Amino acid sequence: MKRLPKDLIITIDGPVAAGKTTAARLLAERLGYCYIDSGTMYRALAWKAIQEGIDVSSPTMLLDLLARTELEFRPGPERLRVLVDGEDVTDALRLPRIETASSILSVHPSVREELVRRQRQLGIGGGVVMDGRDIGTVVFPDAPVKFYLTASPEERGRRRFRESPHGTGSLEGTLAEVERRDRRDMERPASPLKPAPDAILIDTTFLSAEEVVKELESHIHRKLRDPRDFLLA
Ligand code: DC
């Protein structure tokens, strides 16, 4: 199979629990690329806001917080590690309250603008697989390879429930939270979640992680063979 250039930017967008993280991480590993999980940035800001008791619905307070907080992102093959004022908080970012707060604060255009600037800096040299909600539409609209992963809301709710710490919440509650986050992410005026016009849509409802990655790889290699084929796919 033809070798990939080392400096491509590959974007993977999609709703919560569509399988982006697993697919992006596996794909980055196979290509020898960095995996950058942009949601981690929104989560890191949410973590800091909660620590300081800051209202995540106030863009002014969040921008002030961003200005006086040192956020360091260290891309790697596994996932983006995040240091907030020198402390590695990556493992704390998966808590449900951080997830909800990150979705709420991500509606503010001024907050997005600042985080998008940092995402572009991280991706600038290429050789990255970046996932999120607006990576193909806003952050890297000229990326040569874009994917949009999705799955049925029921399947995504079930996945989220399986991943949640044992004994917390119910399946119904998790499904309702997935739907709330979908609405917030898709209906916000600033960079709403939607597929880029040139993104390849993949429904992962009935696919294993391995099957998803195979599909991503075959699209990428098809593009390398003949870019026109790719556009018509
Ligand atoms: O991908 P995630 O679940 O870690 O993202 C957490 C929240 O961050 C998500 O609900 C919306 C926001 N987000 C965003 O608005 N844009 C991105 N590129 C990534 C995440």
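Residues numbered from 1 in each chain as written. Predicted model: local features only at pLDDT ≥ 70, side-chain atom pairs only at ≥ 80, totals over all residues. Heavy atoms only, no water.

Asker: Quick rundown of the overall build of the protein? Include the residues and the values.
Answerer: The number of helices and strands found in the protein is 10 helices and 8 strands. Computed over C-alpha atoms, the radius of gyration of the protein comes to 17 Å, within 12% of the 17 Å expected from 2.2 N^0.38 for 233 residues, which places it in the range of a compact globule. For the C-alpha atoms alone, the extent of the protein along its principal axes is close to 55 × 40 × 30 Å. Relative to its 233 residues, the protein shows a buried fraction of 50%. The contacts of the protein with a sequence gap of at least 6 include a subset with a gap of at least 24, amounting to 72%. Side-chain charges of the protein comprise 36 positive and 37 negative groups, with the mean position of each set lying 2 Å from the other. (Helix = DSSP H or I, 4+ residues; strand = E, 2+ residues; numbered from the N terminus. Rg over C-alpha atoms; globule rule 2.2 N^0.38 Å. Buried < 20%, exposed > 50% of the residue type's maximum accessible area, 1.4 Å probe, protein only. Contact = heavy atoms within 4.5 Å. Lys, Arg positive; Asp, Glu negative; His and termini not counted. Charge placed at Lys NZ, Arg CZ, Asp CG, Glu CD.)

Asker: Quick rundown of the sheet that holds strand β5 (residues 87-88)? Include the residues and the values.
Answerer: Read from one edge of the open sheet, 3 strands run β3-β4-β5, paired in antiparallel fashion. Either end of the sheet is taken by a strand with one partner, and the two such strands are β3 (71-74) and β5. As paired strands, β3 and strand β4 (residues 81-84) are joined by 4 bridges and run antiparallel to one another. Bridge assignment links Glu72 to a residue of β4, and that residue is Leu83. In the packing of helix α2 (residues 39-51) onto the sheet, contacts are made with β3, β4 and β5, and the angle to β4 comes to roughly 30°. (Pairing = 2+ DSSP bridges. Axes fitted to C-alpha atoms, helices over the stretch in contact; angles between N-to-C directions.)

Asker: Could you give an account of the confidence of the model for the protein, naming the residues involved and the relevant values?
Answerer: Within the protein, residue pLDDT values average 91, and 93% of them lie at 70 or more. Low pLDDT (under 50) marks residues 229-233, which in the prediction has 8 contacts with non-local residues, meaning those over four places away or in another chain. (pLDDT = per-residue confidence, 0-100.)

Asker: Provide a residue-level description of the site of the ligand, including the pertinent values.
Answerer: Near the ligand there are 15 residues, and of these Arg43, Arg112, Asp134, Arg181 and Arg188 occur at the shortest range. Between Arg112 and the ligand, the recorded distance is 2.7 Å, taken from a side-chain N or O atom to an oxygen atom. Side-chain polar atom of Asp134 to a nitrogen atom of the ligand: 2.8 Å apart, as the coordinates give it. For the ligand, whose free accessible area comes to 440 Å², the fraction covered by protein is 97%. In terms of residue count, the dominant contributor to the shell around the ligand is α2 (3 residues). (Near = heavy atom within 4 Å. Polar contact = N/O pair within 3.5 Å; in protein donor to acceptor, adjacent residues only side chain to side chain. Areas by Shrake-Rupley, 256 points an atom, 1.4 Å probe, with all protein chains shown as cover.)

Asker: So, the sheet that holds strand β6 (residues 128-132): which residues are in play, and what are the values?
Answerer: Spatially, the 5 strands line up as an open sheet ordered β2-β6-β1-β7-β8, and their pairing is parallel. Two strands bound the open sheet, and with one partner strand each, they are β2 (34-37) and β8 (200-203). If you compare each strand with its neighbour and ignore which way they point, the axes differ by 20° on average. When strand β7 (residues 145-150) meets β8, the two strands line up parallel, connected through 4 bridges. Bridged to Tyr148 within β8 is Leu201.

Asker: Summarise unusual backbone geometry; cite the residues concerned and give the values.
Answerer: You will see that Ala17, though not glycine, has its phi angle at about 60°, which is positive. Here Ala17 shows up in the loop between β1 (9-13) and α1 (20-31). For Ala17, a relative accessible area of 12% gives the class buried. Positive phi, close to 45°, is recorded for Ser191, a residue that is not glycine.

Asker: Please give an account of the environment of Asp203 that cites residues and values.
Answerer: Within the element layout of this structure, Asp203 appears in strand β8. Expressed as a C-alpha distance, the spacing of Asp203 and Gly19, which sit 184 residues apart in the sequence, is 9.6 Å. Not counting the four nearest positions on each side in its chain, Asp203 is found in contact with Thr150 and Ala151. Reaching out from Asp203, the side chain makes a polar contact with the side chain of Thr205 at a distance of 2.6 Å.

Asker: Residues and numbers for helix α4 (residues 96-105), please.
Answerer: Listed as buried for α4 are Ile98, Glu99, Ala101, Ser102, Ser103 and Leu105. Considering only its buried residues, α4 is in contact with α2, α3 (59-67), α5 (109-123), α7 (153-163) and α8 (171-187).

Asker: Could you give an account of the side chain of Asp131, naming the residues involved and the relevant values?
Answerer: Here Asp131 lies in strand β6. Comment: no salt bridge for buried Asp131; closest opposite-charge side chain is Lys20, at 5.8 Å. Within the structure, the side chain of Asp131 is placed 2.8 Å from the side chain of Tyr35, a separation counted as a polar contact. Contacts of Asp131, omitting those with residues within four sequence positions, involve Ile12, Lys20, Thr21, Ala24, Tyr35, Ile36, Asp37, Ser38 and Gly39. (Salt bridge = Lys/Arg side-chain N within 4 Å of Asp/Glu carboxyl O.)

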